[in-house]
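# Chains, contacts and geometry: an overview
Residue-level listing of the chains:
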Number of protein chains: 2
Amino acid sequence: MSENASAERTGFREVKEDIVSRIKNRTWGPGELLPGEVELSRQFGCARATVNRAMRELAEEGVLERKRKAGTRVVQNPVRHARFEIPIVRHEVEASGAEYRYALVKREVLTPPDWLQARMGVNSADRVIHVQCMHYSGNSPYQFEDRWINIAAVPKVEQADFTSTSPNEWLVNEVPLSKAEISFSASSASDEVARFLELKSGEPVFVAERATWLEELPITYARMSFPESYRLVSSL
Amino acid sequence: MSENASAERTGFREVKEDIVSRIKNRTWGPGELLPGEVELSRQFGCARATVNRAMRELAEEGVLERKRKAGTRVVQNPVRHARFEIPIVRHEVEASGAEYRYALVKREVLTPPDWLQARMGVNSADRVIHVQCMHYSGNSPYQFEDRWINIAAVPKVEQADFTSTSPNEWLVNEVPLSKAEISFSASSASDEVARFLELKSGEPVFVAERATWLEELPITYARMSFPESYRLVSSL
DNA sequence: CAGTGGTCTAGACCACACA
DNA sequence: GTGTGGTCTAGACCACTGC
């Protein structure tokens, strides 16, 4: 039963940690060149593939910079990366323990406004569905959603009435794996947004915008407004 | 010379794309079980390691869910992930083509306030440096930075005066690879923030908060306020 | 307990980028 | 040219976990 304590194999996690700690203790300073994979695999007593995976992941994480022939260096200006999870509103609310409530505010079919044509490349001849709805956490307004959906991209959307299912959830089930651009900003509540979020006009709101395409085909653009209390926290 | 045109090997990128397209065209619906790695490697005519890397990365990206013995499934509720780059302010401003200007507003040594002890686990007996400074893009206020630094974690900070280098840049060079928690929110400008950002009190500001530790040791907490015009856009 | 993914190896060839 | 990382392979053993 008692295993040989020294029998541990060197895994890529150990290699990663070792490299990181050498950077932390300044063995390898910013911008400095690391030994090649072959050399390191000898030092660590493992296969080159193991070192390769370790260094590849560290490069992915923004710690190292790798170039063929040039070698691997510690990144100079550690551009920080933060990763955020953007869950479905209902799940987000329910995860907090509160009851989720949804209400459709408006649903209309229009020709795409100019800004939408410019923003997403929607064809001016196409029609779009404009939906506004509210998401509540218990009895408190949680999010006001203002969304545009390209009918040409998702014809079935004309049959969806969004009275009981939010457009986001409907789309998630209908359009798998679309590509998205997301941005965050702060803004003053417009009269309309203030009314739905139960704020005064001009009070700060947190705004998330999301535009999605499926292979260059514009699907939807959404602007989601949250009251001041909302906080977006990095995962990982 | 002329290579056999059909000699293309199946790489992990091709495997990834193929899997993704099969999900897009509903060959594999949400929650559905995919064939095992061995089976897929036969279908694709490549080694299992290649399929493994493809599926591992897709799992990393949130497209697939993998469990030993249970197999690999298409993710049910595609929790969207967004990745953001948090650059050094100076670089961010200079990248926009504007001239960067920096000004120290305040620098003082204090005992850590209660909220900071609670937030970061700073020892109440330790001392902290409190720094406030402004970052300008051309002549426009770009960011107001309010930062606390744990002297016990970075003793050299007592010698830094921050009159010409911003605390962020100083720290980046002094403390490599610290772990950070980042959050974003919207807030009303306090009198102080409004004064520095040249806004009216109560106007919306975009707030980024960052807390960093080095191996459980609290290093610094910073609250950065941006005027309404600021927009954080997802990379990747 | 048995099947699936997780990882490691040893070796090989390739593609790029610098000299 | 030539060295470095990028990737693939075929095979092996392991660890977790659902049955």
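Look above for the structure.
Residues numbered from 1 in each chain as written. Chains lettered and ligands numbered in written order. Predicted model: local features only at pLDDT ≥ 70, side-chain atom pairs only at ≥ 80, totals over all residues. Heavy atoms only, no water.

Applying the stated rule across the entire model yields 34 salt bridges over all chains. In this structure, Asp 18 of chain B and Arg 22 of chain B form a salt bridge, with 2.8 Å as the shortest nitrogen-oxygen distance. Of the two residues, Asp 18 of chain B and Arg 22 of chain B are both situated in helix H1 (residues 12-24); the distance of four residues between them amounts to about one turn of the helix. Look at Asp 18 of chain B and you get partly exposed, because its relative accessible area is 28%. Residue Arg 53 of chain B is joined to Glu 57 of chain B by a salt bridge in which the shortest nitrogen-to-oxygen separation is 3.0 Å. You can see Arg 53 of chain B and its partner Glu 57 of chain B sitting in helix H3 (residues 48-60), four residues apart, about one turn around the helix. With relative accessibility at 21%, the residue Arg 53 of chain B sits in the partly exposed group. Taken together, the shared-partner salt bridges in this structure form one network comprising Lys 16, Arg 53, Glu 57 and Glu 61 of chain A. (Salt bridge = Lys/Arg side-chain N within 4 Å of Asp/Glu carboxyl O. Helix = DSSP H or I, 4+ residues; strand = E, 2+ residues; numbered from the N terminus. Buried < 20%, exposed > 50% of the residue type's maximum accessible area, 1.4 Å probe, protein only.)

Here chain B sits on chain A after a turn of 180° about the axis and a move of 0.0 Å along it, with an RMSD of 0.1 Å. Expressed as a symmetry operation, the mapping of one chain copy onto the other fits a two-fold axis. Most of the interface of chain B is mirrored in chain A, where 98% of its interface residues again form contacts. (Least-squares fit on C-alpha atoms with pLDDT ≥ 70 in both. Contact = heavy atoms within 4.5 Å.)

Bringing the protein's contact with DNA strand D into the picture now. Lining the immediate surroundings of DNA strand D are 25 residues, of which Arg 48 of chain A together with Gly 11, Phe 12, Arg 13 and Thr 50 of chain B lie closest. Close to the protein, within 4 Å, the atoms of DNA strand D are drawn from sugar and phosphate at a rate of 69%. Here Glu 37 of chain A contributes a backbone N or O atom positioned 3.1 Å from a phosphate oxygen of DNA strand D. Separating a phosphate oxygen of DNA strand D from a side-chain N or O atom of Thr 50 of chain B is a distance of 2.5 Å. When contributions to the surface near DNA strand D are tallied by element, the ones reaching two or more residues are helix H3 (48-60), strand S1 (64-67) and strand S2 (71-74) of chain A together with H1 and H3 of chain B. Here the surface near DNA strand D takes four residues from H3 of chain B, the largest share from any one element. Counted by class, the surface near DNA strand D contains five nonpolar, seven polar and 13 charged residues. (Near = heavy atom within 4 Å. Polar contact = N/O pair within 3.5 Å; in protein donor to acceptor, adjacent residues only side chain to side chain. Nonpolar A, V, L, I, M, F, W, Y, C, P; charged D, E, K, R; others polar.)

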